[in-house]
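Here are the chains, one letter per residue:
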Amino acid sequence: VLDAVLGLNRPRITPDGPTAAIWRFLESLPTPRRNVIIENLRLQQVYDAIYAAALDSVLQKTPVGRFRIAFGQRILHEDDQLVGTSGPVRFRILLQQLGPTYVKIGQMIASRGDVLPSDLVAELSKLQSDAAPFPWEEARAVVRGELGRDPEELYATIDPVPFAAASTAQVHKATLHDGTVVAVKIQRPQIVAKTKADLGVITELASIAERRLAIARKIGARALVNEFAGGVLRELDYTNEAYHAKRLADNMARFPEITVPRIHDQLSGVRVLTMDFIAGIKISHAEELREAGFDTTALAGTFIQAVIKQVLIDGFFHGDPHPGNLMADPATKRLVFLDMGLVGQLNSTQRVDLLGLIYAVKEIDIPAIADGLLALGTPMKGFDEVQFRADIDRLARRYLVYGGVQSMG
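What you see is a predicted model, and the numbers here were worked out from it, not measured in a lab.

1. Regarding the overall build of the chain
- When helices and strands are tallied, the chain shows 18 helices and eleven strands.
- By the compact-globule yardstick of 22 Å for 409 residues, the chain fits well, its C-alpha radius of gyration being 24 Å.
- Each principal axis of the C-alpha distribution contributes one length, and for the chain these read about 70 × 60 × 45 Å.
- Counting all 409 residues of the chain, 42% fall into the buried class.
- Look at the contacts in the chain between residues 6 or more apart in sequence, and 63% of them connect residues 24 or more apart.
- Approximately 22,100 Å² of the chain is accessible, and the part contributed by carbon and sulfur atoms is 59%.

2. Points about unusual backbone geometry
- Unlike most non-glycine residues, Lys333 shows phi in positive territory, near 60°.
- Of the residues examined, Lys333 reaches a relative accessible area of 37% and is grouped as partly exposed.
- The backbone of Asp339 shows a phi angle near 55°, a positive value even though the residue is not glycine.
- Locating Asp339 in the fold gives a position in the loop between strand 10 (334–337) and strand 11 (343–345).

3. Structural notes on the packing of helix 3 (residues 36–59) against helix 5 (residues 87–98)
- One can describe the packing of helix 3 onto helix 5 by two numbers: an axis separation of 10 Å at closest approach and a directional angle of 160°. Classified by the angle between their axes, helix 3 and helix 5 sit roughly antiparallel to one another. For the element pair helix 3 and helix 5, the recorded crossing hand is right-handed. Where helix 3 abuts helix 5, its residues Arg42, Val46, Ala49, Ile50, Ala53, Asp56 and Ser57 lie against Arg90, Leu94 and Leu98.
- Taken together, the residues of the contact of helix 3 with helix 5 break down into six nonpolar, one polar and three charged.

4. Focus on the sheet that holds strand 5 (residues 258–259)
- As summarised here, the arrangement of the four strands in space is 5-10-9-7, forming an open sheet in which the pairing is mixed. Edge strands, defined here as strands with exactly one partner in the open sheet, are strand 5 and strand 7 (281–282).
- Relative to strand 10, strand 5 runs parallel, the two being bridged by two bridges. Across the sheet, residue Ile258 finds its bridge partner in strand 10, namely Leu335.
- Set on the sheet, helix 15 (residues 296–314) makes contact with strand 5, strand 9 (326–329) and strand 10; between it and strand 10 the angle comes to about 45°.

5. Overview of the nonpolar core
- Formed by 26 residues in total, the largest nonpolar core has its most connected members in Leu248, Ile258 and Phe337.
- Elements supplying a minimum of two residues to this core: strand 3 (169–175), helix 13 (238–251), strand 6 (272–276), helix 15, strand 9 and strand 10.
- For this core, the element with the most residues is helix 13, which contributes four residues.
- Grouped together as the second largest cluster of nonpolar side chains are 16 residues, Leu154, Tyr155, Val182 and Val184 included.

6. With respect to the pattern of salt bridges
- The tally for this structure, following the rule as stated, stands at 19 salt bridges.
- With its nearest N and O atoms 3.1 Å apart, the salt bridge here joins Arg140 to Glu152. Pair noted here: Arg140 is in helix 8 (residues 136–147) and Glu152 is in helix 9 (residues 151–154), with a separation of twelve residues, a long-range link.
- Looking at Glu152, the relative accessible area reads 41%, which means it is partly exposed.
- For the salt bridge of Glu287 with Arg290, the shortest nitrogen-to-oxygen distance reads 2.8 Å. Placement of the pair is Glu287 and Arg290 together in helix 14 (residues 286–291), with a separation of three residues, close to one helical turn.

7. Here we look at the side chain of Asp198
- Inspection of the secondary structure assignment puts Asp198 in helix 10 (residues 192–212).
- The class of Asp198 is buried, set by a relative accessible area of 1%.
- Engagement of the side chain of Asp198 in a polar contact is seen with the side chain of Arg42, the distance being 2.7 Å.
- In this view, Asp198 contacts Arg42, Val46, Leu98, Thr101 and Tyr102; residues no more than four positions away in its chain are not counted.

8. What about the pairing of strand 3?
- Most of strand 3 is tucked away, with six of its seven residues classed as buried.
- Where strand 1 (residues 157–158) lies against strand 3, two bridges are found, and the strand directions are antiparallel. Bridged to Thr157 within strand 3 is Thr175.
- As paired strands, strand 2 (residues 164–165) and strand 3 are joined by two bridges and run antiparallel to one another. Its bridge partner lying in strand 3, Ala165 is registered against Gln170.

9. Digging into the environment of Val192
- Along the chain, Val192 falls in helix 10.
- In this structure the C-alpha to C-alpha distance between Val192 and Leu233, which are 41 residues apart in sequence, comes to 8.2 Å.

Quick notes on the rules
Along each chain, residues carry numbers from 1 onward, in the same order as the chain's sequence is written. The predicted origin of the model limits local features to residues at a pLDDT of at least 70 and limits the giving and counting of side-chain atom pairs to 80 or more, whereas totals for whole chains, interfaces and linings rest on all residues. With hydrogens and water excluded, all non-hydrogen atoms of the structure serve as input to the side-chain values. Numbering of helices and strands runs from the N terminus; a helix is a DSSP stretch of H or I covering at least four residues, while a strand is a stretch of E covering at least two. With C-alpha atoms as the basis for the radius of gyration, the globule rule is written as 2.2 Å multiplied by the number of residues raised to the power 0.38. Only protein chains enter the accessibility calculation, which uses a 1.4 Å probe; a residue is then buried when its area is under 20% of its type maximum, exposed when over 50%, and partly exposed in between. Residue contacts are defined here by distance: any two heavy atoms, one from each residue, within 4.5 Å place the two residues in contact. What sets the accessible areas is the Shrake-Rupley method with a 1.4 Å probe; for residues, cover comes only from the shown protein chains. Only the stretch in contact is used when a helix axis is fitted, and all axes are lines through C-alpha atoms; the angle between N-to-C directions ranges over 0 to 180 degrees. Note on angle classes: values under 35 degrees are labelled roughly parallel, values over 145 roughly antiparallel, values of 65 to 115 roughly perpendicular, and the remainder oblique. Put simply, a crossing is left-handed when the front helix is turned counterclockwise from the back one by less than a right angle, and right-handed when it is turned clockwise. Charged means Asp, Glu, Lys or Arg here, nonpolar means Ala, Val, Leu, Ile, Met, Phe, Trp, Tyr, Cys or Pro, and polar covers whatever is left, Gly included. By this definition, two strands are paired if DSSP reports at least two bridges between them. Here, nonpolar core refers to any group of buried Ala, Val, Leu, Ile, Met, Phe, Trp, Tyr and Cys residues whose side-chain atoms link them within 4.5 Å. Note on definitions: salt bridges are taken to be side-chain nitrogens of Lys or Arg within 4 Å of carboxyl oxygens of Asp or Glu. Here a polar contact is taken to be a pair of N or O atoms separated by no more than 3.5 Å, where protein atoms must pair a possible hydrogen donor with a possible acceptor and residues adjacent in sequence count only if both atoms sit in side chains.

Pasting the structure below:
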């Protein structure tokens, strides 16, 4: 009650405080994928952060809320950094406080502009490349620990102020000793142990949900979470991203309108990645693209062709193509794929089945639509194929035959 009335538990923009030392220690240990003690510690932190944010939001316009702000300013000498902020802003800041795993979830939510309020989507979109940076001294320590020397020795010049910061890393502009301009991606300190703990907690919650809720069993909640967790953990090892970038660059070589930044292996490792620097405009900024001389219709066509080749021909595709990872370079008029930490892969059978499904939808071949979905999925125990085909028939006739629908979604 005292914490609540005096505002001692008000949310802070940089919340770690004394717990940062704990996570530094845990980061230095060879912790396994799952650790009950660390997960419980992390769960308590997450609970405290959500509770503090919810309480502050509820009290902000009440006399108690005004007293909390006054007490903080006059006694604690702390300004309330969240006073007057909207709900979407507070939600975005909460995700940033909770860390990389929750920022990643926020990025996924931001991609659903078709069903979410525009102000929420606009705020969460900031998580794609506008996260809070971490201090240069910490970045230097990561580079030194990973590559064996200080960045000032490895690069001819390097800007200590990052030009972009995201959920798991920030990026600094630098030049090599031969004059090549590069971007140096440096992983955030103390995130591996915390991310493993977050994923463990989410996995446990999915398991509990499957045991207790029919809807969770129906959608395969644990399998979904395991897929998400595996992708996030692979993203934390930049040797994976280096391999993905090289392979995607080879696959996109036939498109002169597309580029993937070249990786510099001698200046890269598990937590540091050096690649060619490419300036660009976010693919979602349509007006800015037009002002820069882009034919946005042609650019969209190039993107669709690239995705079709990646998914249906190569079976190796960019798994996280949000606007922060897709740029257009005004100098070369090329589409640029960035951040290949997360990719998807389809085998030849899956590619043929997916192509067949797309063709069936185009031709409105209703039995073939059902066949295609069955081929791509894994029917669960108790699956009623007769009812499934009846549902597909009803939906296809309503939307494809009589609805005049334009959206594949």
